[in-house]
Amino acid sequence: MDTTEIVVVVSGIALVALVLWYFFGERERVAARVENDGVQEIDITVKGGYSPDVVVVRAGAPVRLNFYRDETASCSERVVFGDFRIARELPAFETTPVEFTPERAGEFTWTCGMNMMRGKLVVEPPTDA
Ligand SMILES: [Cu+2]
């Protein structure tokens with residue numbers, strides 16, 4: 001291979017990596033904070049997507065996700081946690097808490113009502129206390 005070929009191959013790989021990152025990469029990964037009452041709480045802004053869109057919690061303790069919907073676009077008017085059989089309406093410019101207790105570790109996707117916008121709840125095994 002001469003230099004030109006190497007440049008083409010390397011930039012091709014870089015482009016593929018960029019595309020993969022853009023479509024599948026984790027945008028923002030945040031651990032929930034634990035409140036005094038033992039609830040794992042996090043604020044999520046809903047605006048053309050979820051921010052943060054990857055939330056890390058522990059199994060076996062209640063979770064409270066406060067969705068603040070900062071738009072009126074109908075896409076985001078509903079949030080669905082299929083694995084937990086939860087669907088909530090999110091009124092515009094209001095905070096809607098979604099509460100449940102993940103009993104087991106794993107990765108659980110949540111979506112908008114149309115399955116377009118996505119977020120991921122990463123449930124880690126409970127710590128041995
Ligand atoms: Cu949608």
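Right above here is the structure, for reference.
Notes on the structure follow. (Residues numbered from 1 in each chain as written. Predicted model: local features only at pLDDT ≥ 70, side-chain atom pairs only at ≥ 80, totals over all residues. Heavy atoms only, no water.)

What follows covers the side chain of Arg69. Within the fold, Arg69 resides in strand E6 (residues 63-69). Put simply, Arg69 is tucked away with no salt bridge, and the nearest opposite charge, on Glu77, sits 4.8 Å away. Excluding its chain neighbours within four sequence positions, the residues that come into contact with Arg69 are Val46, Ser74, Ser76, Glu77, Leu90, Pro91, Ala92, Phe93 and Glu94. (Helix = DSSP H or I, 4+ residues; strand = E, 2+ residues; numbered from the N terminus. Buried < 20%, exposed > 50% of the residue type's maximum accessible area, 1.4 Å probe, protein only. Lys, Arg positive; Asp, Glu negative; His and termini not counted. Salt bridge = Lys/Arg side-chain N within 4 Å of Asp/Glu carboxyl O. Contact = heavy atoms within 4.5 Å.)

With that settled, the discussion passes to the sheet that holds strand E8 (residues 86-89). Read from one edge of the open sheet, 6 strands run E1-E5-E11-E10-E7-E8, paired in mixed fashion. The strands lining the two open edges of the sheet, one partner per strand, are strand E1 (29-31) and E8. Within the sheet, the average angular offset between the axes of one strand and its neighbour, ignoring direction, is 20°. Relative to strand E10 (residues 106-112), strand E7 (residues 78-81) is paired through 2 bridges, and the arrangement is antiparallel. Across the sheet, residue Val80 finds its bridge partner in E10, namely Thr111. (Pairing = 2+ DSSP bridges. Axes fitted to C-alpha atoms, helices over the stretch in contact; angles between N-to-C directions.)

Moving on, we come to the pairing of E10. Relative to strand E11 (residues 118-124), E10 runs antiparallel, the two sharing 6 bridges. From the neighbouring strand, Thr111 faces E11, where its bridge partner is Arg118. Adjacent in sequence and paired antiparallel, E10 and E11 are bridged by 5 residues, among which Asn115 carries a positive phi angle near 65°.

Let's shift gears to the coordination of the copper ion. The coordination sphere of the copper ion, as far as protein atoms go, consists of Cys75 (O), Cys75 (SG), Cys112 (SG) and Met114 (SD), spread over 2.1 to 2.7 Å. If you look at the copper ion, its 4 donor atoms make angles of 86 to 136° with each other, and the shape they trace is irregular. All donors of the copper ion come from a single chain, and their spacing in sequence reads C-x36-C-x1-M. Residue Met114 is classed as partly exposed on the basis of its relative accessible area, which comes to 42%. (Donors = N, O, S within 2.8 Å, 3.2 Å for Na, K, Ca; no water. Tetrahedral: all angles 85-135°; square planar, octahedral: opposite > 155°, others 65-115°.)

It is worth spelling out the environment of Val46 at this point. Position of Val46 among the secondary structure elements: in strand E3 (residues 40-46). Its relative accessible area of 0% is what places Val46 among the buried residues. Each C-alpha atom, one on Val46 and one on Ala17, is 27 Å from the other, the two residues being 29 residues apart in sequence. Setting aside its immediate chain neighbours within four residues, Val46 contacts Phe67, Tyr68, Arg69, Asp70, Glu71, Ser76, Leu90 and Met117.

What follows concerns the environment of Asp43. With respect to the helices and strands, Asp43 occurs in strand E3. Its relative accessible area of 44% is what places Asp43 among the partly exposed residues. Expressed as a C-alpha distance, the spacing of Asp43 and Pro97, which sit 54 residues apart in the sequence, is 8.9 Å. Other than its neighbours up to four places away in sequence, Asp43 contacts Arg33, Ser51, Pro52 and Asn66. A polar atom in the side chain of Asp43 sits 3.1 Å from the side chain of Asn66. (Polar contact = N/O pair within 3.5 Å; in protein donor to acceptor, adjacent residues only side chain to side chain.)

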